[in-house]
Amino acid sequence: MGKLAKRRLGNMQRLARALAQQIPFASESFDSILSTFPTVYIFDKQTLSEAHRVLRNSGRLIILLAAWPKNPLLAWLFKVTGESPPESLESKIKSAFAHTEFNLEVKIVNIKSSSLLILNAIKEASK
């Protein structure tokens, strides 16, 4: 993905490669962070802590967590290949964000071809 991004962006933009648990940017550097189809690292306590650290007050951590195809054949293929989100996903989400300073919104957005599970975690303003 890094090579594709570099090719598309050219030398005008700086790319950084890092672990989500150790983001190499100063505190309050970003208004938003976007993660699409992440693995379980996204629920790691240190990942959420680092995201919180680098976001400005009222910044957003937006996570496109899962998608379910509306086409019956594709939905069946997702299910038999294990690509559908597990039933325990809701409890995993709630427990991961329970002790963070994020206000969490969970939305299912329907588009033409699928339903998307989107988390919008908004950093609470410092007091």
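Residues numbered from 1 in each chain as written. Predicted model: local features only at pLDDT ≥ 70, side-chain atom pairs only at ≥ 80, totals over all residues. Heavy atoms only, no water.

Peer 1: Please explain the overall build of the protein chain as it appears in this structure.
Peer 2: Counting its regular elements, the protein chain contains four helices and four strands. Along the protein chain, helices and strands appear, N-terminal first, in the series α-β-α-β-α-α-β-β. Across its three principal directions, the C-alpha atoms of the protein chain cover 45 × 40 × 25 Å. Evaluated residue by residue, the protein chain yields a buried proportion of 28% over its 127 residues. Pairs at least 24 residues apart make up 64% of the contacts formed inside the protein chain by residues separated by at least 6 positions. As displayed, the protein chain has an accessible area near 9200 Å², and 56% of this comes from carbon and sulfur atoms. Side chains of the protein chain give 18 positive and 10 negative charges; the mean places of these two sets differ by 10 Å. (Helix = DSSP H or I, 4+ residues; strand = E, 2+ residues; numbered from the N terminus. Buried < 20%, exposed > 50% of the residue type's maximum accessible area, 1.4 Å probe, protein only. Contact = heavy atoms within 4.5 Å. Areas by Shrake-Rupley, 256 points an atom, 1.4 Å probe, with all protein chains shown as cover. Lys, Arg positive; Asp, Glu negative; His and termini not counted. Charge placed at Lys NZ, Arg CZ, Asp CG, Glu CD.)

Peer 1: Would you explain the pattern of salt bridges in this entry?
Peer 2: A side chain with one charge can pair with a side chain of the opposite charge if their charged atoms come near. One pass over the full model with this rule turns up three salt bridges. Note that E105 is salt-bridged to K107, the shortest N-O span being 4.0 Å. In this structure K107 comes out as partly exposed when scored by relative accessible area, which is 44%. (Salt bridge = Lys/Arg side-chain N within 4 Å of Asp/Glu carboxyl O.)

Peer 1: Looking at this structure, I do not really get the sheet that holds strand β4 (residues 114–123). What am I missing?
Peer 2: Through backbone hydrogen bonds, the strands of a sheet pair up, either in parallel or in antiparallel fashion. Strand order across the open sheet formed by four strands is β1-β2-β4-β3, with mixed pairing between neighbours. Each end of this open sheet is capped by a strand with a single partner; those strands are β1 (30–36) and β3 (102–110). Across the sheet, the mean angle separating the axes of adjacent strands is 15° when strand polarity is ignored. Relative to strand β2 (residues 55–69), β1 is paired through six bridges, and the arrangement is parallel. Opposite T36, over in β2, you have L64 as the bridge partner. (Pairing = 2+ DSSP bridges. Axes fitted to C-alpha atoms, helices over the stretch in contact; angles between N-to-C directions.)

Peer 1: Before we go on, may I ask you to explain a positive patch on the surface in this structure?
Peer 2: Positive charge collects at one region of the surface, where K3, R7, R8 and R17 lie side by side. Examined against the element boundaries, R8 turns out to sit in helix α1 (residues 2–9). (Patch = residues over 30% accessible without salt bridge, like charges linked within 9 Å, V, L, I, M, F, W, Y side chains within 5 Å.)

Peer 1: Even after reading the chapter, I still don't get the nonpolar core, so can you show me in this structure?
Peer 2: Core analysis: the biggest nonpolar cluster contains 19 residues, and F43, L61, I63, L65, I93, F97 and F102 have the highest contact counts within it. Secondary structure elements with two or more residues in this core: α2 (45–54), β2, α4 (89–97) and β4. Beyond its immediate sequence surroundings of up to four residues, F43 is in contact with L48, L65, L89, K92, I93, A96 and F97. (Core = buried A, V, L, I, M, F, W, Y, C linked by side-chain atoms within 4.5 Å.)

Peer 1: Before we go on, may I ask you to explain the environment of Q22 in this structure?
Peer 2: Looking at where Q22 falls in the secondary structure, it is placed in the loop between α1 and β1. Expressed as a C-alpha distance, the spacing of Q22 and A121, which sit 99 residues apart in the sequence, is 19 Å.

Peer 1: Please clarify how the side chain of K123 should be interpreted in this entry.
Peer 2: Structurally, the position occupied by K123 is in strand β4. Notably, K123 is buried but unbridged: the nearest opposite-charge side chain belongs to E28, and the N-O separation is 4.1 Å.

Peer 1: Would you take a moment to explain the pairing of β4 for this structure?
Peer 2: Here is the key point about a regular strand: its side chains alternate between the two faces of the sheet. With respect to burial, β4 is a largely interior element, eight of its ten residues being buried. Of the strand pairs in this sheet, β2 and β4 are connected by nine bridges, and their pairing is antiparallel. For A67, the partnering residue across the bridge sits in β4 and is L116. In terms of strand pairing, β3 meets β4 through nine bridges, oriented antiparallel. Its bridge partner lying in β4, V106 is registered against L119.

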